[in-house]
Amino acid sequence: MASLCFQSPSKPIAYFQLKSNPSPPLFSKVSVFRCKASVQTLVAVEPEPVFVSVKTFAPATVANLGPGFDFLGCAVDGLGDHVTLRVDPSVRAGEISISEITGTTSKLSTNPLRNCAGIAAIATMKMLGIRSVGLSLDLHKGLPLGSGLGSSAASAAAAAVAVNEIFGKKLGNDELVLAGLESEAKVSGYHADNIAPSIMGGFVLIRNYEPLDLKPLRFPTDKDLFFVLVSPEFEAPTKKMRAALPTEIPMVHHVWNSSQAAALVAAVLEGDAMMLGKALSSDKVVEPKRAPLIPGMEAVKKAALEAGAFGCTISGAGPTAVAVIDSEEKGEVIGEKMVEAFWNVGHLKSVASVKKLDRIGARLINSISR
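Per chain, residue numbering runs from 1 following the sequence as it is written. Given that the model is predicted, a residue must reach a pLDDT of at least 70 before its local features are reported, and side-chain atom pairs must reach 80 or more before they are shown or counted; all residues, however, enter totals for whole chains, interfaces and linings. Note: side-chain values were computed over all heavy atoms of the structure, leaving out hydrogens and water.

Looking at an unreviewed UniProt entry, one finds the chain named Homoserine kinase and attributed to Cardamine amara subsp. amara. UniProt positions are given in the numbering used here, feature names are shortened, and annotations may be inferred rather than shown by experiment. Of the chain, the UniProt comment under Pathway (unreviewed entry) reads exactly: "Amino-acid biosynthesis; L-threonine biosynthesis; L-threonine from L-aspartate: step 4/5." Quoted verbatim from the Catalytic activity (unreviewed entry) field of the UniProt record, the comment on the chain reads "L-homoserine + ATP = O-phospho-L-homoserine + ADP + H(+)".

*Asks:* With reference to specific residues and values, describe the packing of aromatic side chains.
*Replies:* A pair of aromatic rings is counted whenever rings of Phe, Tyr or Trp (Trp by its six-membered ring) have centres within 6.5 Å, and the orientation is called stacked for planes under 30 degrees apart, edge-to-face for over 60 and tilted otherwise. Inspection of the entire model under this criterion finds 3 aromatic pairs. Ring geometry for Tyr190 against Tyr209: centres 5.8 Å apart, planes inclined by 55 degrees, an arrangement best described as tilted. One end of the pair, Tyr190, is in the loop between α3 (173-187) and α4 (195-200); the other, Tyr209, is in strand β8 (residues 203-209), with 19 residues separating them in the sequence. By relative accessible area, which is 2% here, Tyr190 ends up buried. Between the aromatic rings of Phe203 and Phe227, the centroid separation amounts to 6.5 Å while the plane-to-plane angle is 45 degrees, which identifies the pairing as tilted. Taken together, the residues span a long stretch of sequence, with Phe203 in strand β8 and Phe227 in strand β10 (residues 226-232) at a distance of 24 residues. Partly exposed describes any residue whose relative accessible area lies between the buried limit of under 20% and the exposed limit of over 50%, with all areas from a 1.4 Å probe on protein chains only and scaled to the type maximum. With a relative accessible area of 2%, Phe203 lands in the buried category. When its relative accessible area of 0% is taken as the criterion, Phe227 is described as buried. The criterion for a charge sitting over a ring is simple: Lys NZ or Arg CZ within 6 Å of the ring centre, and within 35 degrees of the ring normal. Over the ring of Trp256 we find Lys284, and its NZ or CZ is 4.3 Å from the ring centre. The helix and strand labels rest on DSSP assignments: H or I over at least four residues marks a helix, E over at least two residues marks a strand, and numbering proceeds from the N terminus.

*Asks:* Any chance you could break down the pairing of strand β4 (residues 51-63) for me, citing the residues and the numbers?
*Replies:* Across the 13 residues of β4, 11 count as buried, placing the element largely inside the fold. Note: two strands are recorded as paired if DSSP finds a minimum of 2 bridges between them. Strand direction decides the pairing type here: β4 and strand β14 (residues 363-369), joined by 6 bridges, are antiparallel. Across the sheet, Thr56 pairs through a bridge with Leu364, a residue of β14. In the sheet, β4 pairs with strand β5 (residues 72-87) via 11 bridges, with the strands oriented antiparallel. Of the residues in β5, the one forming a bridge with Val62 is Cys74.

*Asks:* How would you sum up the packing of helix α9 (residues 297-306) against helix α10 (residues 328-346)? Please name residues and give values.
*Replies:* Taken N-terminus to C-terminus, the directions of α9 and α10 make an angle of 155 degrees; their axes are 8 Å apart at the nearest point. With respect to their mutual orientation, α9 and α10 come out roughly antiparallel. Note on packing geometry: the crossing formed by α9 with α10 is right-handed. From α9, Met297, Ala299, Val300, Ala303 and Ala304 reach across to α10, where they touch Ile334, Lys337, Met338, Ala341, Phe342 and Val345. Axes here refer to lines fitted to C-alpha atoms; in helices the fit is confined to the stretch in contact. Angles between the N-to-C directions go from 0 to 180 degrees. We call two directions roughly parallel when the angle between them is under 35 degrees, roughly antiparallel when it is over 145, roughly perpendicular when it lies between 65 and 115, and oblique otherwise. Crossing chirality is assigned from the near helix's rotation relative to the far helix, an anticlockwise turn below a right angle marking it left-handed and a clockwise turn marking it right-handed. Any two residues whose heavy atoms approach within 4.5 Å at even a single point are treated as in contact.

*Asks:* So what about unusual backbone geometry? Which residues, and what values?
*Replies:* Glycine aside, the phi torsion of most residues is negative, and most peptide linkages are trans. Cis geometry is adopted by the peptide bond preceding Pro211, which originates at Glu210 and carries an omega value of 0 degrees. Note on placement: Pro211 falls in the loop between β8 and β9 (212-217). Of note, the amide linkage connecting Gly318 to Pro319 takes the cis form, showing an omega dihedral of 10 degrees. With respect to the helices, strands and loops of the structure, Pro319 is situated in the loop between β11 (311-314) and β12 (321-325). The backbone of Asn64 shows a phi angle near 80 degrees, a positive value even though the residue is not glycine. Mapping Asn64 onto the fold places it in the loop between β4 and β5. For Asn64, a relative accessible area of 7% corresponds to the buried category.

*Asks:* Hey, could you go over a negative patch on the surface for me, with residue numbers and the actual values?
*Replies:* A surface patch of negative charge is lined by Glu328, Glu329, Glu332, Glu336 and Glu340. Locating Glu332 in the fold gives a position in helix α10. Here, patches come from residues exposed beyond 30% relative accessible area and free of salt bridges, joined within 9 Å for like charges and within 5 Å for nonpolar side chains (Val, Leu, Ile, Met, Phe, Trp, Tyr). In this description, accessible areas are obtained by the Shrake-Rupley approach with a 1.4 Å probe, and a residue is regarded as covered only by the protein chains that are shown. For this document, the term salt bridge refers to a Lys or Arg side-chain nitrogen within 4 Å of an Asp or Glu carboxyl oxygen. Asp and Glu count as negative and Lys and Arg as positive, but His and the ends of the chain are not part of the count. Taken as the charge centre is NZ of Lys, CZ of Arg, CG of Asp or CD of Glu, depending on the residue.

*Asks:* An account of the nonpolar core is requested, with residue identities and associated values reported.
*Replies:* Membership of the largest hydrophobic core comes to 52 residues, with the highest contact counts inside it found for Phe203, Phe227, Leu276 and Met338. Discounting residues that sit within four places of it in the chain, Phe227 has contacts with Cys74, Val76, Phe203, Val322, Ala323, Val324, Ser353, Val354, Lys355, Lys356 and Leu357. Ranked by size, the runner-up nonpolar core spans 49 residues in total, among them Ala58, Ala156, Val177 and Ala192. Think of a nonpolar core as a cluster: buried Ala, Val, Leu, Ile, Met, Phe, Trp, Tyr and Cys residues, connected wherever their side-chain atoms sit within 4.5 Å.

*Asks:* Tell me about the environment of Lys289, residues and numbers included.
*Replies:* In this fold, Lys289 is placed in helix α8 (residues 287-290). Residues Lys289 and Leu245, spaced 44 residues apart in sequence, show a C-alpha to C-alpha distance of 6.3 Å.

*Asks:* Got a sec to walk through α10? Specific residues and values, please.
*Replies:* Under the 1.5 Å per step criterion, the end-to-end length of α10 is 26 Å for 19 residues, consistent within 8% with the ideal 27 Å. Those residues of α10 that fall on the buried side of the exposure criterion are Gly331, Ile334, Gly335, Met338, Ala341, Phe342 and Gly346. Within α10, the buried residues cover an arc of 125 degrees as seen down the axis, which keeps them to one side. What points out from α10, more than 90 degrees from its buried face, is the exposed set Glu329, Glu336 and Asn344. Where the residues of α10 are buried, they touch β10, α9, β11, β12 and β13 (350-356). Residues adjacent in sequence count toward polar contacts only when both atoms are side-chain atoms; beyond that, a polar contact is any pair of N or O atoms within 3.5 Å, and within protein one must be able to donate a hydrogen and the other to accept it. Backbone nitrogen of Glu329 and a side-chain oxygen of the N-cap are separated by 3.3 Å at the start of α10; the cap is Ser327. Positioned one or two residues after α10, His347 has a phi angle of 55 degrees, which is positive. Helix span, as expected, comes to 1.5 Å for every residue beyond the first. Of all possible arcs, the one meant is that of the directions from the helix axis to the C-beta atoms.

Below, the structure is given as structure tokens:
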């Protein structure tokens, strides 16, 4: 555990502590505890399945949003993972098997204890007290690993929602987020800024981890907001990118980031895409340490801003760059300039897409009744 030393020219030093793999909020005065999702059976009577099979979808997410490290995130439309879940008499009662994994990767384990979807599904089954039914799960990855778009969280969210749906939707969003956190804790750390928006949709503020306190932030439906997502052919593992975080920051940077995070929340609630972009683009703590690890990232951000983006930063741990704008047409132009910068400066091929805010979150796509 490392110390954070905050000091201003005219004030005494204030000491904080930051875990080397920070999980709960970035700053905790004096003591930092290790939060763990307390997964317990929450349903008095074991529910029976209401469907023989369900298919769910969970969206990609943009975590941190610049100054909101580990406590702000949002869901983006059109990208994500699918889970198909079936009641399977060949699987031992109370257990789950992963039958197939398709899509963007072949690297994932089909052992449910070593797979994001499996871990979240098991946690959800435990919450529901499932002991009499066996399940089999197919996972279709629409998101690449290590993309900075919440790939592990999307798998976990889709699986948790699938289990909940097949047994009659007995659990609420907070419980499903806790189930997803069981998975995230084993993969990338105990942080909810991907799993919460993937399940809940929209923007989500994580006010506290113990107890878990989630605050949905409603971006007005009559205002336009588009995300320009540019993903290079480069993997940035979350654990590696977390290792790059500073162990000390000046008080002035703490104050600055706090003010920008507050401005970002205000911008979301007011539907002010321009202010949102300015705040998102102003991180002085995390982005300066991570950007140099992604070839061309600093040039990509400059290109986005010069092309008219309201703001640009790293999505999650990267390597995807995210810019914000209020027009899809402008977003396509900005995306082209960002792709050029990744190639010209970082020598990386990349793909751009322009997406809206996903306001729904993880959901049931189709089902077959008993």
